[in-house]
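A structural walkthrough
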Amino acid sequence: MATPPPPTPSPPSSSAASASASGIGIQEKLMKYKFHMAISLVVTAIGVSLIYLAPRFVTILAYFWPLFVSTALFLGAVVLFGKTSIPADEISALNAGEDLLDYVVAAGQNDPLLENLKSE
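This one's a predicted model, so the numbers in the text were calculated from it and none came from an experiment.

A few points about the overall build of the chain
The helix and strand inventory of the chain stands at 5 helices and 0 strands. Overall, the chain shows an N-to-C arrangement of helices and strands of α-α-α-α-α. For the chain, buried positions account for 0% of its 120 residues. In the structure as shown, the chain presents an accessible area of about 11500 Å², 73% of it carried by carbon and sulfur atoms.

Side note on helix H2 (residues 34-53)
Given a rise of 1.5 Å per residue, 20 residues ought to cover 28 Å, and the 28 Å separating the end C-alpha atoms of H2 matches this to within 8%. Sparse coverage of H2 is indicated by the burial of 0 of its 20 residues.

Considering a nonpolar patch on the surface
A cluster of nonpolar side chains, namely Phe57, Ile60, Leu61, Tyr63, Phe64, Leu67 and Phe68, defines an oily patch on the protein surface of about 750 Å² accessible area. With respect to the secondary-structure elements, Phe68 resides in helix H3 (residues 57-84). Looking at Phe68, the relative accessible area reads 43%, which means it is partly exposed.

What about the packing of aromatic side chains?
As enumerated under the stated definition, the model contains 2 aromatic pairs in all. With a centroid separation of 4.9 Å and an interplanar angle of 85°, the aromatic rings of Tyr63 and Phe64 are classed as edge-to-face. Between Phe64 and Phe68 the ring centres are 6.3 Å apart and the planes differ by 45°, which places this aromatic pair in the tilted class. Here Phe68 and Phe64 lie together in helix H3, a separation of 4 residues that amounts to about one turn. The class of Phe64 is partly exposed, set by a relative accessible area of 35%. Among the aromatic side chains, those forming a connected cluster through ring pairs are Tyr63, Phe64 and Phe68.

Rules used throughout
- Within each chain, residues carry numbers counting from 1 in the order of the written sequence.
- It should be noted that, the model being predicted, local features are given only for residues of pLDDT at least 70 and side-chain atom pairs only at 80 or more, the latter also being counted only at that level, while totals for whole chains, interfaces and linings use all residues.
- Hydrogen atoms and water are omitted, and side-chain values are computed over all heavy atoms in the structure.
- Each helix is a run of DSSP H or I of at least 4 residues and each strand a run of E of at least 2, with the numbering of both proceeding from the N terminus.
- Each residue gets one of three labels from its accessible area relative to the maximum for its type: buried under 20%, exposed over 50%, partly exposed in between, using a 1.4 Å probe on protein chains only.
- Note that accessible areas follow from Shrake-Rupley with a 1.4 Å probe, and for residues the cover is restricted to the protein chains shown.
- Helix span is expected to be 1.5 Å times the residue number reduced by one.
- Patch membership is restricted to residues that have no salt bridge and whose relative accessible area is over 30%. Joining uses 9 Å for like charges and 5 Å for the nonpolar side chains Val, Leu, Ile, Met, Phe, Trp and Tyr.
- We define a salt bridge as a side-chain nitrogen of Lys or Arg found within 4 Å of a carboxyl oxygen belonging to Asp or Glu.
- For this analysis, a ring pair means two rings from Phe, Tyr or Trp (six-membered ring only for Trp) whose centres lie within 6.5 Å, classed as stacked if their planes differ by under 30 degrees, edge-to-face if by over 60, and tilted for the remaining angles.

Here it is as structure tokens:
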């Protein structure tokens, strides 16, 4: 049997020409976003390097555990005292301020230095 002849190259069709023109259009569209792509690449590189270079969570926990424990104990004490203390009514809070002012005024009335200044 005879082998078929090799296909002859055909001239570029209009679809091939439009494909190469659309390829240029894609490159132009991509060039519009070159700064966005560069920034996202830099941010990704920084993120990956931070994850790679940052200490592990267990290391941070081992270093700061006294701070975490003392903060938890303090917050627990605040909650405990907040629940167990007797709530003060608003009237006694106002009277406490008035009592303090009365004490300050009374202390100034018995001061001999102030009486000397008043007499001059």
